[in-house]
Amino acid sequence: MSKKTNVSLIMCIIIAMFLVGCINKASNEFDISQLSRVDIEVVQEDGSYGEAEMITDEETVDAVRKAFKQIKWEPNVEPKMARKEDIKATLFFKYDENMPERLFEYQIWFIHNNDTATMISNNEKEGYGTLEKDNAQILESIFFNN
């Protein structure tokens, strides 16, 4: 190989490493204010998921943002739940107009004996979370009355 080819190859490798680093950094970022859409699937009595419903109304998305800000997260905790979740929610985050949306999935259980919600996130920075009474009721109302 010529010296020129070697330099070009090295430059391509450096640029590729830089781009991969930027992509990995962006995928680990999480800012609830960038929430743009929520898809929900209600778990049916037979354990299957119902038809996905999309929430895009800005007022409703803002209510979800406010509730999610109140979740107390415990990263690196993997609880075992006694029953299947009530809702599977996929949150869509728009970080950059030139990049695809980032998606995070949540399994959500509404605990009626103490009016809280428990959730498990596939976002490694979150993990297992709990939401107290008022915000849990807001989320439940949004997700089941949408």
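Everything below is about the structure shown above.
Q: Any details on helix H3 (residues 133-144)? Residues and values, ideally.
A: Under the 1.5 Å per step criterion, the end-to-end length of H3 is 16 Å for 12 residues, consistent within 8% with the ideal 16 Å. Ala136, Leu139, Ile142 and Phe143 are the residues of H3 that are buried. What you see down the axis of H3 is that its buried residues fit within an arc of 130°, all on one side.

Q: Let's hear about the pattern of salt bridges: which residues, and what values?
A: What the rule picks out here adds up to 7 salt bridges. Between Arg37 and Asp39 there is a salt bridge, and its shortest N-O distance comes to 2.8 Å. Measuring nitrogen to oxygen at the nearest pair gives 2.9 Å for the salt bridge that ties Arg65 to Glu58.

Q: Just give me the short version of the pairing of strand E5 (residues 102-111), but keep the residues and values in it.
A: Bridge count for strand E4 (residues 87-93) against E5 is 7 bridges, and the pairing is antiparallel. Of the residues in E5, the one forming a bridge with Lys88 is Gln107. Bridging between E5 and strand E6 (residues 116-121) involves 6 bridges; their strand directions are antiparallel. Directly across from Ile108, in E6, lies its bridge partner Met119. Taking the residues that link successive antiparallel strands as the turn, the E5-E6 hairpin has 4 residues, and the phi of Asp115 there is positive, at about 55°.

Q: If you had to explain the sheet that holds strand E1 (residues 35-42) to someone new, which residues and values would you point to?
A: Across the sheet, which stays open at both edges, the 7 strands sit in the order E2-E1-E4-E5-E6-E7-E3 with antiparallel pairing between neighbours. Of all the strands in the sheet, the pair left with one neighbour each is strand E2 (53-55) and strand E3 (72-74). When the angles between neighbouring strand axes are averaged without regard to direction, this sheet yields 25°. Along the sheet, helix H2 (residues 58-69) makes contact with E1, E2, E4, E5, E6 and strand E7 (128-131), crossing E1 at roughly 85°. Packed on one face of the sheet, H3 meets E1, E2, E4, E5, E6 and E7 and runs near 110° to E5.

Analysis parameters
Residues numbered from 1 in each chain as written. Predicted model: local features only at pLDDT ≥ 70, side-chain atom pairs only at ≥ 80, totals over all residues. Heavy atoms only, no water. Helix = DSSP H or I, 4+ residues; strand = E, 2+ residues; numbered from the N terminus. Expected span 1.5 Å × (residues − 1). Buried < 20%, exposed > 50% of the residue type's maximum accessible area, 1.4 Å probe, protein only. Arc of directions from axis to C-beta. Salt bridge = Lys/Arg side-chain N within 4 Å of Asp/Glu carboxyl O. Pairing = 2+ DSSP bridges. Axes fitted to C-alpha atoms, helices over the stretch in contact; angles between N-to-C directions. Contact = heavy atoms within 4.5 Å.

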